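Descriptive analysis of the structure
Take a look at the letters that make up each chain.
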Amino acid sequence: MKQAKTASSKTGQPGFVRIISGQWRGRRLPVADVAGLRPTTDRVKETLFNWLMHDISDSAVLDCFSGSGSLGFEALSRYAGFVTLIEKDPAQARRLHALLATFQASQAEVIANDCLRYLAQPANRQYQIVLIDPPFRQNLALPCCQLLEQHGWLSDNALIYLETEKELPLSGVPANWKLLKEKVAGQLAYRLWLKST
């Protein structure tokens, strides 16, 4: 499958990622030229949503480190019940707000905040599916996993998708999470975990 076009650091021009299935199949999301913004490729995203195929509909979904919104909007396109997108870059958060309006997606919200700071507070909602795709090598992935568990953000039997640099040790993942799926593609590893009760 053709890899998603991403932002060009040479030209400063935005690229696009596309929604690959669901009600908005083929619609494109702009990708700004922002440091650390690394949208999930079509191939990886297709694998992820095949993993989630029987769980995404009507689920509450948390898209941590939302960036372009590629994962969160894919979930919405596939009829997620509600999606929260967390994005700390103010300009990118505004773009996500504008995209929600363009898509007339009322079953979603954008939290313009640092993800770890936001998750460090007591949960105001529980999620059945959590998508974690942070900038690589910034010590964000494992603290995010721990905060989700510590502050009650996960429903019983929640599914957690984690996309990281492949060399990241997994010793910091909560002990009650069970690894269901795992793949490596180039420099990244992506995994699906189940929160055990």
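Residues numbered from 1 in each chain as written. Predicted model: local features only at pLDDT ≥ 70, side-chain atom pairs only at ≥ 80, totals over all residues. Heavy atoms only, no water.

**Details of the overall build of the protein**
- Within the protein, the secondary structure is distributed over five helices and nine strands.
- Scanning the protein from its N terminus toward the C terminus, one meets helices and strands in the order β-β-α-β-α-β-α-β-α-β-α-β-β-β.
- Residues classed as buried in the protein amount to 51% of the 197 residues present. (Helix = DSSP H or I, 4+ residues; strand = E, 2+ residues; numbered from the N terminus. Buried < 20%, exposed > 50% of the residue type's maximum accessible area, 1.4 Å probe, protein only.)

**Focus: the pattern of salt bridges**
- By the definition in use, this model includes six salt bridges.
- The closest approach of N and O atoms between R78 and E74, which form a salt bridge, is 2.9 Å.
- For E74, a relative accessible area of 0% corresponds to the buried category.
- In this structure, the salt-bridge partner of E182 is R191, at a minimum N-O distance of 2.8 Å. (Salt bridge = Lys/Arg side-chain N within 4 Å of Asp/Glu carboxyl O.)

**What to know about the pairing of strand β8 (residues 177-185)**
- Both β8 and strand β9 (residues 188-195) contribute to a ladder of eight bridges, which runs antiparallel. Counted as the bridge partner of W177 is K195 from β9.
- Here β8 hands over to β9 after two residues, with G186 in that stretch at a positive phi of 65°. (Pairing = 2+ DSSP bridges.)

**A look at helix α1 (residues 42-51)**
- Of all ten residues that make up α1, seven are buried, and the element is covered over most of its length.
- Within α1, burial applies to D42, V44, K45, T47, L48, F49 and W51.
- Residues of α1 that are buried in the fold lie against β1 (15-18), α2 (70-77), β6 (127-132), β7 (154-165), β8 and β9. (Contact = heavy atoms within 4.5 Å.)

**A closer look at the sheet that holds β8**
- Strand order in the open sheet made by the seven strands is β5-β4-β3-β6-β7-β9-β8, with mixed pairing throughout. Both edges of this open sheet fall to β5 (108-111) and β8, since each of them pairs with a single strand only. The sheet shows a mean angle of 15° between the axes of neighbouring strands, direction not considered.
- Taken together, the five bridges between β6 and β7 define a ladder with parallel strand orientation. Opposite Y127, over in β7, you have L154 as the bridge partner.
- Of the strands in this sheet, β3 (60-64), β6, β7, β8 and β9 touch helix α5 (residues 141-150), which is tilted by about 175° from β7. (Axes fitted to C-alpha atoms, helices over the stretch in contact; angles between N-to-C directions.)

**A few points about α5**
- Buried within α5 we find A141, L142, C144, C145, L147 and L148.
- For α5, the elements touching its buried residues are β3, α4 (115-119), β6, β7 and β8.
- Positive phi shows up at G152, right after α5, with a value of about 80°.

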